Amino acid sequence: MKGEWLKNGAIQALLLLNGFVMLYPLFVMVISAFKSNAEIFTSPFALPAGFDLTNAARVWNETSFVLYLGNSVIVTTASVAAILVCATMAAYAIARYPFRLSGAVFLFFLSGLMVPLKLAVIPLFIQLDGLGLIDTRAGLVLVYVAMGLPSAVFILTGFLRTLPGELEEAARIEGASELRIMLSVMLPLARPAMVIAAIQNAVPIWNDFFFPLVFITSDRLKTLPQGLSVFMGEYNTDWGVLFAGLTLAALPIMLVYIALSRQFIAGLTQGAIK
Amino acid sequence: MISARIGKLALAATAAWGMAFSAAHAADITFWTWRQEDKAAYTELFGDFTKANPDIHVKIEAFDPANYATILSTALAAGHGGDVLHTRAYGALETFAKAGYLLALDPKAVPELANLPADALASETLRADGKVYSLSFASQTLGVFINKDVFAKAGVQPPATWDAFLAACKALKAKGVIPLANGTATAWMDEVMASVFINPFLGPQFVADIQSGKASFEDKRYTAALGRLLELRDYMPPGFTGVDYATSQQLFLTGRAAMFAGGSFEIANFRKQNPKLNMDFIAPPAPSAGAPRYVSKFYDGGYAVNAKSAHQADALKLVRYMGTPAYGTKFAALLGNISPIKGVVINDPLLAEVAKLNETSMPYIMAVYFRFDSPTGSELLQSGLQKMMGGSATPEQVGADITKGVSRYYKPFQK
Amino acid sequence: MKPAASRRGAAAARRRGLWIGFLLAPALLVMTLFVAWPLASAFRYAFYAFNGLAASHFIGLENFRAVLFEPPYSAWTLRALAHNAIVFVALMLVQNGLAYLIAFALLKALPGHRVHQVIVFLPVVLSAVIVGFLWKLFLHPLFGLVNQALMAVGLAAHPWLGDGNTALGSIIFTNAWHWMGFPALIFLAAMQRVPREVMEAARIDGATDRALLGAIIWPLVAPATTIIFTLTFIGSFNWFELPYVMAGLDGSPGGATDVLGLYFYRTAFGSTSAGLQDFGHGSALAVLMFIFLAVVSGLALRVLRRREIEL
């Protein structure tokens, strides 16, 4: 069909345009990292005059980049793992078992989304201090888990609700335990939602510098955005260094995302009914 | 005797507090600051201190400036925080002092307070109890930076009166130079620029009238002075409402703009970014030939002692050291800022000029008098200026909004 | 019912209760310790007068009265709320509407759709700080590419973020660029669950793409819409990072981009170059935001859920 062909062509063209709009700013971010301050301001969108690595070298040499990176990896991984485990368990209970307080429990989780946790920074500090968790990675992870649970429970409950009940019933009749039904029948079907919840939480945790700034003081425990924020403060008007720092901070998570994108997309489409 | 008393105090504080926050050894004290870019200079300054006091080492913790107040207030609320703290001045200092987080500096315990001028002490005093809580570290002067090379190339003389200023702007613009680098996108810079140009029109009498309640910000003098700013719009960068602070700095540093209305706190930064820049810092234009060209002056902040510090005696020693002329002289030389301490020698020629300009100065009105209660004069003025320069408010509306806002707490306006 | 059976029933119910309790316990514990309790203590401050940074005495609803009814605070609260509402409606239409169309385009599985799936989500992994910086540069009045392009086709340059009429729109656009991949993939995941037979049957009946999108897919992806609507609603009214990076804490110019998130933060934590910290007013604002969001999203969830069930 010619009409169909033409339409698909138009859709393809629009997708290409969209792809360009999505990618071009990222390209600018990367080339800016190689530019001097004056160059960024006079010709921000031109290619850099040379492949100048001074900005990146400065970030690398003047901060404990690898150390901060390691801390960020540990904190983000631990937080996301804990969020997924706790949120999946809770969402499963809310979505698959009708019980008296399920609505109230769901709203309790949802209420955590309604107000910025920053508001509670002083009580949180005192709470963590009482538990001896100030200036520890564990303290930071707990705060992130608390921050991420509401949206993760919300997304997972929404998806788990839509799973057909027949499979569950069939397994139950066969005498499978509830744990077994959850782990080997239902959760594999919820993979797309778990992937979405994981990414949706990993990004803000990876990028956050507010809570580490308040809760972490030892240099050896600092996360990447926090460590770089101090460094960027020293160069607060050197945009080339700033872009180099931002690019270096964004690069690990972008690379991880691109490397895992196949699994990510596969996870998303696994729920597809062929 | 004094030190014995302080020692006892410190002991009591330690006992009350239980355990020191950071597991530092006994003679380590920490200094908390938002001046990340000054870390190297402070390391050197504190090195001198440790040479004189070999048993006290100072550890510097520098924080993100945008979040410094939050980080500091959170730590202090939980009974932690550095031993010596960099604090802001005026209303921002009061919020900390009122809460009991800072140690009042007794002139007997810190005799160096006598080295400071009265307005510097006032900037670090809690008005309610009249006690000083922080030792001022720098005064800042607001005026006009000029690029001498750009002026020379355009054949224009630095202007001394408002009319000459506008004429110079016109001549510079004709040569393809942006006369004034300032934009209005960064709110606090609007207040800086406004203060630079309107203070000579207002004069010290206006400040006195505001304090006595004889005049408000609806006064003709104030609104007329604000109106002058509108004449500058033709000489600011194209699209100046979207030009932020960082861009303004770059326009001036790269020579694309000839002037920059700003504060003496830029000097060190400008030099670092463009060491070849041939700049001068001059007083703003006078309303008429021969009239005084008032610069605006205020104090940045000071050094305070954490009321719950476990090392108060050592912390006080450090603060006393930071109140000496020797410290002030080295501070000025290393950081390119004017130390308010009497007897400080300023060798840098440009800084010496700024110090000279300070002899004809007026207070930076909103920061010095109207940042103690909410809504602050600064918030109202900054937002009003952005609207006025963008064309959506008149000077009269801005003046009326400020007067109405501050009347909520400012007694002289409540009559 | 025989006693033995009812005993067995009771034991089963207890086991079931224990199992549900076990599933909920870890999440509830963390939420209570690190969200509910700290927030409740912060909310308490809304009822206190402050002496500097320390709470001094109980003043009942005075802080609420001030932020709701006393000028200039009341005007600021109202202005911020109106801006949040604009942000929400615009993001629903532009960001999520486009996301819906892109999801459908990707569903067609044209050549290259896998690569595009990766690309469309790429900006989502960036921080708001970097996205804000980048777009500030693109929209820059002097050097920005947007203006350079406009001038190249003979149009006038415009200070996008400096003009009160375009500043909020520019930040909303940037948000859409940053986040569009998220709703797009949620929609895509939902669309892929629409049984193929349903779509093919509709096509054989002669349904156009438009009809397919409106009448067949739209109702079937209702659960995804519920998630996106709710997250966009809450996100729009808690909007903070992007306007903070692009317009500053003061909502420049002249409050044209001021939203509740900025207003709350500025009030509770102070802006070093203009305002003071006022935890009482700040907490009152946060409590009001909380109540507003909880009531509206509670009602919306009810309606949206009913829509899901009807299908």
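Residues numbered from 1 in each chain as written. Chains lettered and ligands numbered in written order. Predicted model: local features only at pLDDT ≥ 70, side-chain atom pairs only at ≥ 80, totals over all residues.

Describing the overall build of chain C
Move 1: Assigned secondary structure in chain C consists of 14 helices and 2 strands.
Move 2: Whereas a compact globule of 311 residues would reach a radius of gyration of roughly 19 Å, chain C reaches 25 Å, over 25% beyond that.
Move 3: The principal-axis extent of the C-alpha atoms belonging to chain C is close to 70 × 65 × 30 Å.
Move 4: Here chain C holds 311 residues, and the buried ones make up 50% of them.
Move 5: Within chain C, counting contacts between residues at least 6 apart in sequence, those at least 24 apart form 66% of the total. (Helix = DSSP H or I, 4+ residues; strand = E, 2+ residues; numbered from the N terminus. Rg over C-alpha atoms; globule rule 2.2 N^0.38 Å. Buried ≥ 20, exposed ≤ 12 C-beta atoms within 10 Å, placed from the backbone. Contact = placed C-beta atoms within 7 Å.)

Topic: the overall build of chain A
Move 1: Along its length, chain A carries 13 helices and 0 strands.
Move 2: Helices and strands in chain A line up, N terminus first, as α-α-α-α-α-α-α-α-α-α-α-α-α.
Move 3: Expressed along its principal axes, the backbone C-alpha trace of chain A runs to roughly 70 × 70 × 30 Å.
Move 4: The long-range share in chain A, meaning contacts at least 24 apart out of those at least 6 apart in sequence, stands at 76%.

Structural notes on the environment of Gln95(C)
All names here are of chain C.
Move 1: Among the secondary structure elements, Gln95 is positioned in helix 3 (residues 73–107).
Move 2: A C-alpha to C-alpha distance of 22 Å links Gln95 and Ile216, two positions 121 residues apart in sequence.
Move 3: Excluding anything up to four places from it in sequence, Gln95 contacts Asn175, Ala176, Trp179, Met180 and Pro183.

Considering the packing of helix 8 (residues 181–191) of chain C against helix 11 (residues 222–237) of chain C
All names here are of chain C.
Move 1: At a closest axis distance of 9 Å, the pairing of helix 8 and helix 11 adopts a crossing angle of 160 degrees. When the axes of helix 8 and helix 11 are compared, the pair comes out roughly antiparallel. Here helix 8 and helix 11 pass one another in a crossing that is right-handed. Seen from helix 8, the contacting residues are Pro183, Ile186, Phe187 and Ala190; seen from helix 11, they are Pro223, Ala224, Ile227 and Ile228. (Axes fitted to C-alpha atoms, helices over the stretch in contact; angles between N-to-C directions. Parallel < 35°, antiparallel > 145°, perpendicular 65-115°, else oblique. Left-handed = near helix turned anticlockwise from the far one by under 90°.)

Re the sheet that holds strand 1 (residues 28–33) of chain B
Strand-to-strand pairing in sheets goes through backbone hydrogen bonds, with the strands running parallel or antiparallel.
Residues and elements named next belong to chain B.
Move 1: Ordered by their spatial adjacency, 5 strands build an open sheet running 2-1-3-12-6, and the pairing between neighbours is mixed. Because the sheet does not close on itself, it has two edges, and the strands there are strand 2 (57–62) and strand 6 (135–136).
Move 2: Two strands pair when backbone bridges link them, and strand 3 (residues 84–88) and strand 12 (residues 301–305) are joined in this way by 5 bridges, in the antiparallel orientation. Of the residues in strand 12, the one forming a bridge with His86 is Tyr303. (Pairing = 2+ DSSP bridges.)

Some details on the interface of chain C and chain A
Move 1: Contacts between the two partners involve 65 residues from chain C and, on the opposite side, 70 residues from chain A.
Move 2: Secondary-structure elements contributing two or more residues to the side of chain C that touches chain A are helix 1 (3–44), helix 3, helix 4 (113–121), helix 5 (128–138), helix 8, helix 11, helix 13 (260–269) and helix 14 (279–310) of chain C.
Move 3: Among the elements that take part in the side of chain C that touches chain A, helix 1 of chain C stands out by supplying 16 residues, more than any other.
Move 4: Here the side of chain C that touches chain A is built from residues that sort into 51 nonpolar, 10 polar and 4 charged. (Nonpolar A, V, L, I, M, F, W, Y, C, P; charged D, E, K, R; others polar.)

Focus on the packing of helix 4 (residues 65–96) of chain A against helix 10 (residues 191–207) of chain A
Pairs of packed helices are described in terms of their axes, by the angle between the two and the distance that separates them.
Residue and element names in this part refer to chain A.
Move 1: Their axes nearest at 9 Å, the elements helix 4 and helix 10 cross at an angle of 145 degrees. Crossing of helix 4 against helix 10: the hand is right-handed. Across from Ser72, Thr76, Ser79, Val80, Ile83, Leu84, Ala87 and Thr88 in helix 4, the residues of helix 10 making contact are Met194, Ala197, Ala198, Asn201, Ala202, Ile205 and Trp206.
Move 2: For the contact of helix 4 with helix 10, the residue count by class is 10 nonpolar, 5 polar and no charged.

A short note on the domain arrangement of chain C
Often the size quoted for an interface is simply the accessible area lost on bringing the parts together.
All names here are of chain C.
Move 1: Domain assignment breaks chain C into domain 1 (3–58) and domain 2 (71–310).
Move 2: Placing the centre of domain 1 and that of domain 2 at their C-alpha centroids yields a distance of 32 Å.
Move 3: In terms of residue count, the dominant contributor to the side of domain 1 that touches domain 2 is strand 1 (residues 48–51) (3 residues).
Move 4: Partitioning the side of domain 1 that touches domain 2 into residue classes produces 8 nonpolar, no polar and no charged. (Domains from an automatic or database assignment.)

Considering the interface of chain C and chain B
Move 1: Across the contact, 29 residues belong to chain C and 39 residues belong to chain B.
Move 2: Looking at the side of chain C that touches chain B, its residues break down into 13 nonpolar, 13 polar and 3 charged.

A few points about the pairing of strand 1 of chain B
Along any regular strand the residues' side chains alternate between the sheet's two faces.
Residue and element names in this part refer to chain B.
Move 1: The buried fraction of strand 1 is high, at 5 of 6 residues.
Move 2: Where strand 1 and strand 2 come together, 6 bridges link them in parallel fashion. Its bridge partner lying in strand 2, Asp28 is registered against His57.
Move 3: After leaving strand 1, the chain enters helix 2 (residues 39–52) and then returns to the sheet as strand 2, a path that is right-handed.
Move 4: As paired elements, strand 1 and strand 3 share 2 bridges and run parallel to each other. Bridge assignment links Phe31 to a residue of strand 3, and that residue is Val84. (Right-handed = clockwise from strand over helix to strand, strands pointing away.)

Focus on the nonpolar core
Move 1: In this structure, Ala87(A), Ala90(A), Leu149(A), Leu156(A) and Phe187(C) are the most contacted members of the largest nonpolar core, which totals 309 residues.
Move 2: When residues of this core are assigned to their parent elements, the largest contribution, 16 residues, is made by helix 7 (residues 137–161) of chain A.
Move 3: Excluding residues within four positions of it along the chain, Leu149(A) makes contact with Ile83(A), Cys86(A), Ala87(A), Phe109(A), Gly112(A), Ala27(C), Val30(C) and Met31(C). (Core = buried A, V, L, I, M, F, W, Y, C linked by C-beta atoms within 7 Å.)

Remarks on helix 11 of chain C
Three- or four-residue spacings in an α-helix give side chains the same orientation, since the helix completes a turn every 3.6 residues.
Move 1: Helix length check: helix 11 of chain C, at 16 residues, gives a terminal C-alpha distance of 22 Å against a target of 22 Å (1.5 Å per residue), a fit within 8%.
Move 2: Counting buried residues in helix 11 of chain C gives 13 out of 16 residues, a clear majority hidden from the surface. (Expected span 1.5 Å × (residues − 1).)

Side note on the environment of Thr403(B)
Residues and elements named next belong to chain B.
Move 1: Residue placement: Thr403 occurs in helix 17 (residues 395–407).
Move 2: For the pair Thr403 and Asn278, spaced 125 residues apart in sequence, the C-alpha separation works out to 41 Å.
Move 3: For Thr403, the residues in contact, after removing those within four places along its chain, are Ser216, Phe217, Glu218 and Phe413.

What about the pairing of strand 9 (residues 257–263) of chain B?
All names here are of chain B.
Move 1: In terms of burial, strand 9 is a largely internal element, 7 of the 7 residues being buried.
Move 2: As defined by bridge partners, strand 7 (residues 139–147) adjoins strand 9 across 5 bridges and the pair is classed as antiparallel. Counterpart to Gly143 in the pairing with strand 9 is Gly262.
Move 3: Two strands pair when backbone bridges link them, and strand 8 (residues 178–180) and strand 9 are joined in this way by 2 bridges, in the parallel orientation. Following the sheet pairing, Ile178 is matched in strand 9 by Ala257.

What about the confidence of the model for chain A?
Move 1: On average, chain A scores 84 in pLDDT, and the residues at 70 or more come to 93%.
Move 2: Of all secondary-structure elements in chain A, the lowest mean pLDDT belongs to helix 12 (residues 224–234) of chain A, at 72, while helix 4 of chain A reaches the highest, 94. (pLDDT = per-residue confidence, 0-100.)

Here we look at unusual backbone geometry
Move 1: The peptide bond linking Ser374(B) to Pro375(B) adopts the cis configuration, its omega dihedral lying at -5 degrees.
Move 2: Inspection of the secondary structure puts Pro375(B) in the loop between helix 15 (365–369) and helix 16 (377–390).
Move 3: A cis geometry characterises the amide bond from Ser252(C) onward to Pro253(C), with omega recorded as -10 degrees.
Move 4: In this structure, Pro253(C) sits in the loop between helix 12 (241–247) and helix 13.

As for the confidence of the model for chain C
Residue and element names in this part refer to chain C.
Move 1: On average, residues of chain C carry a pLDDT of 89, and 97% of them reach 70 or more.
Move 2: Per-residue pLDDT, averaged within each element of chain C, yields its smallest value for helix 6 (residues 145–152) (85) and its largest for helix 7 (residues 167–179) (96).
Move 3: What the predictor reports for the complex is a pTM of 0.90 with an ipTM of 0.88.

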